[in-house]
Amino acid sequence: MLSAREVSVVYANSLRALDSASIQIQRGQFVVLLGKSGAGKSTLLRCFNGLVRPTSGDIHVEAFGSIFESSTTLREHRRRTGMVFQQHHLIGRLTALENVLMGRLSRYGGLRTLLPFGRADRLAALEILDRVGLADRALARADQLSGGQQQRVGIARAMAQQPTLMLADEPVASLDPATAVQVLGDLHRICREDGITTVVSLHQLDLARRFADRIVGLAGGRVVFSAAPGELVTESIDTIYAQPGATLPVAAE
Amino acid sequence: MNRAAFYETVLVSERKAARRSSVLVGAILLASIAALATTGFFDAQRFAEAGPAIRQLASEMVPPDFGRWQSWLRPLLDTLAMSIAGTVLAVMLSLPLALLAAPNTSPHATVYFITRTLLAFLRSVPEIILGVLFVAAVGFGALPGVLALALHSVGMVGKFYAEAIEHVDPKPLEAARAAGASPFQVITHAVLPQVLPQLTDVTIYRWEYHFRASAVLGIVGAGGIGFELMAALRLLNYDQVSAILLSILACVLVVDSIGAFLRKSLK
């Protein structure tokens, strides 16, 4: 349903974040991108919804072909793609409900969004908050919530788009281990229930093993492993977590 | 390098830094004295002569004469209306200009530069000059005062708005973009919710300022209580002048406390 084809990204400071990475993602799968920080996980995820534009290569989806075809294509693709961020990216002074409603913006034209959201949207947002167990906190300001609750609001905001594809960039990296398992479990359960294809970047091996249908290992901007968690043997783990300089080409300075 | 030599270099650079800052302080001191001298502050003669004149004026101002208070009510209300109308117009013009003048929402570097320049220009024309121009253009009354207040304030308010917008947290913006929001929706739903408290603050402060400024604008014929103040001054009715000043003070206090109340309840 989604594929990266020979994607390379070179940032303005000439850092090569991705080096002709190619992967195919099947419909309905829960895929984990595994790698150390700096391996290119965030960059690859951001290529999947065009927040980062590949320097070369392309991103294809079943529905549109290349997502960079036109700005309309890109927006339509983003509308169907939810994203959960490491630091949740909420607006602290708005309520949880208002933050979730942000996920419904793209259904409306510019001027219509100047009016308040209608009852149907508010109800839908509240139902989604309920699915992540936060219906009772809907009217609390986002900055009054705990870290785990904030990330659940982040998940609810992405779900409010009714996406067919969900991207999550280190969604549990700033949470304690127990909360991390719960929040990732919520994301996994909800995406499973709704049949949403999901790509999550993680750096914790145990979490990847626990939830992934498939693990894609990244190191130094390259795909070094791609298989079911059961096939992840010690040797492949070493490749993913190897020290740069030891076995990997160092990113260009 | 041995330790002693190293200590010596540290001490030398410390001394250099101290000398640099004392030169700077000295220069500021010198400029201050020069400014006071140029403006005649050290002319003891003039201060000596000022004493009796001030005493004379003060005695004419006391007691304040509130006899004509009924004819000041309408001008005071006019001044209040001018301050509100001027603020509304300033906000309506400032918001779109600020979005063009903030680097993170401006569509193009050229637009950014032109808008910044326009705002700086509006700021640098004093409202009293704008008042004179608008009185000539649209005639006496509150209208030229409102236009002058609004136009001058756009320069100030637009700049403050732009600075608030410039410093928003970019993370919610990325989230909105990822959700497929259009650039316009990113502004209305990710930028503005973050800066609303600051914008409100600036706006209320500006309203308070407008009330004081519109009192002055009356002097050039732009309506309001300033017009009455000028008339009393021309007729040398200093007891009425002090009464009007006290009325303005009372209104300023009221406006400021309404502003404080709004600020608290709009947080």
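Residues numbered from 1 in each chain as written. Chains lettered and ligands numbered in written order. Predicted model: local features only at pLDDT ≥ 70, side-chain atom pairs only at ≥ 80, totals over all residues. Heavy atoms only, no water.

**Quick notes on unusual backbone geometry**
The condition is simple: In DSSP terms, a helix is any run of H or I states spanning at least four residues, a strand is any run of E spanning at least two, and both are numbered starting from the N terminus.
Omega for the bond connecting V62 of chain B with P63 of chain B falls within 30 degrees of zero, at -5 degrees, which places this linkage in the cis form. Along the chain, P63 of chain B falls in the loop between α2 (44-61) and α3 (70-101). Unlike most non-glycine residues, H88 of chain A shows phi in positive territory, near 55 degrees. Mapped onto the secondary structure, H88 of chain A falls in the loop between β6 (81-84) and α3 (96-101). Phi angles above zero are rare outside glycine, and L236 of chain B is one such case at about 60 degrees. Topologically, L236 of chain B is positioned in the loop between α9 (225-234) and α10 (238-265).

**Digging into the nonpolar core**
Selection rule: We define a nonpolar core as any set of buried Ala, Val, Leu, Ile, Met, Phe, Trp, Tyr and Cys residues linked to one another through side-chain atoms lying within 4.5 Å. Buried residues are those whose accessible area, probed at 1.4 Å on protein chains only, stays under 20% of the maximum for their type, while exposed residues exceed 50% and partly exposed ones sit between those limits.
The biggest cluster of nonpolar side chains holds 78 residues, and the ones touching the most others in it are L129, V153, M166, V172, L184, L187 and L202 of chain A. If you look at the next biggest cluster of nonpolar residues, it comprises 31 residues, including M1, L33, F68 and M83 of chain A.

**A word on the sheet that holds β6 of chain A**
Residue and element names in this part refer to chain A. The condition that has to hold: Think of it this way: DSSP has to see at least two bridges between two strands before they count as a pair. A fitted line through C-alpha atoms represents every axis, and for helices the fit uses only the stretch in contact; the resulting angles, taken between N-to-C directions, go from 0 to 180 degrees. In what follows, residue pairs with any heavy atoms lying within 4.5 Å of each other are defined as contacts.
With mixed pairing, the 6 strands of this open sheet are ordered in space as β6-β7-β8-β3-β9-β10. In this open sheet, the two strands that pair with only one neighbour each are β6 and β10 (222-227). Strand-to-strand twist of the sheet, defined as the mean angle between neighbouring strand axes without regard to direction, takes the value 15 degrees. Relative to strand β9 (residues 214-219), strand β3 (residues 30-34) is paired through 4 bridges, and the arrangement is parallel. Paired with V31 across the two strands is R214, which belongs to β9. Sheet strands touched by helix α1 (residues 41-48): β3, β6, β7 (165-169), β8 (197-202) and β9. Its angle to β7, the strand with the most contacts, is close to 155 degrees.

**Description of α2 of chain B**
For clarity, the threshold we go by: Expected helix span is computed as 1.5 Å times (number of residues minus one). Here the bend at each residue means the angle between axes fitted to two seven-residue stretches, the one ending at that residue and the one beginning there.
Taking 1.5 Å per residue, 18 residues should reach 26 Å; α2 of chain B reaches 26 Å between its end C-alpha atoms and fits that length. Maximal helix bending in α2 of chain B amounts to about 30 degrees, located at A50 of chain B; proline P52 of chain B follows within four positions.

**Describing the packing of helix α4 (residues 109-124) of chain B against helix α6 (residues 142-166) of chain B**
Residues and elements named next belong to chain B. Worth spelling out the cut-off: Here is the rule for angles: anything less than 35 degrees is roughly parallel, anything more than 145 is roughly antiparallel, 65 through 115 is roughly perpendicular, and the remaining ranges are oblique. Crossing chirality is assigned from the near helix's rotation relative to the far helix, an anticlockwise turn below a right angle marking it left-handed and a clockwise turn marking it right-handed. For this scheme, ten residues count as nonpolar: Ala, Val, Leu, Ile, Met, Phe, Trp, Tyr, Cys and Pro. Four count as charged, namely Asp, Glu, Lys and Arg, and the remainder, Gly too, count as polar.
The interhelical angle for the contact between α4 and α6, taken along N-to-C directions, is 135 degrees, at an axis separation of 7 Å. When the axis of α4 is compared with that of α6, the two are oblique. Once α4 is placed against α6, the crossing between them reads as left-handed. Here R116, L119, L122 and R123 of α4 lie close against α6, whose contacting residues are L151, H152, V154, G155, M156, G158, K159, A162 and E166. Here the contact of α4 with α6 is composed, by residue class, of 6 nonpolar, 3 polar and 4 charged.

**Section: the packing of aromatic side chains**
All names here are of chain B. Under the convention used in this document: Within 6.5 Å between ring centres, the rings of Phe, Tyr and Trp (the latter by its six-membered ring) count as paired, and their orientation is classed by plane angle as stacked under 30 degrees, edge-to-face over 60, tilted in between.
Counted under the stated rule, the structure contains 3 aromatic pairs over all chains. Residues F41 and F42 carry aromatic rings whose centres are separated by 5.7 Å and whose planes lie at 75 degrees to one another, so their mutual orientation is edge-to-face. For F41, a relative accessible area of 45% corresponds to the partly exposed category. An aromatic cluster of at least three residues, connected via ring pairs, comprises F41, F42 and F47.

**A word on the domain arrangement of chain A**
Residues and elements named next belong to chain A. Let me state the cut-off plainly: In this document the domain limits rely on a domain assignment from an automatic tool or a database. Buried area, as used here, totals the accessible surface that two parts lose on assembly, with accessibility defined by a 1.4 Å probe and the loss added over both. Whenever Lys or Arg places a side-chain nitrogen within 4 Å of a carboxyl oxygen from Asp or Glu, that contact is recorded as a salt bridge.
Along its sequence, chain A is carved into domain 1 (1-80 + 164-253) and domain 2 (88-162). Centre-to-centre separation of domain 1 and domain 2, based on C-alpha positions: 25 Å. Interface of domain 1 and domain 2: buried area, both sides summed, is about 1,300 Å²; carbon and sulfur atoms make up 54% of it. Interface area lost by domain 1 to domain 2 is led by R79, V183 and I190, which between them contribute 36%. When the shortest N-O distance is used, the salt bridge between E193 and R131 registers 2.9 Å.

**Concerning the pattern of salt bridges**
Across all of its chains, the model carries 23 salt bridges over all chains by this definition. Two residues, R192 of chain A and D213 of chain A, come together in a salt bridge whose shortest N-O distance is 2.5 Å. Here R192 of chain A is found in helix α6 (residues 177-194), whereas its partner D213 of chain A is found in the loop between α7 (205-211) and β9, with 21 residues between them in sequence. In this structure D213 of chain A comes out as partly exposed when scored by relative accessible area, which is 28%. The salt bridge partner of E208 of chain B is R263 of chain B, with a shortest N-O separation of 3.5 Å. With E208 of chain B in helix α8 (residues 183-217) and R263 of chain B in helix α10, this pair connects stretches of sequence that are 55 residues apart.

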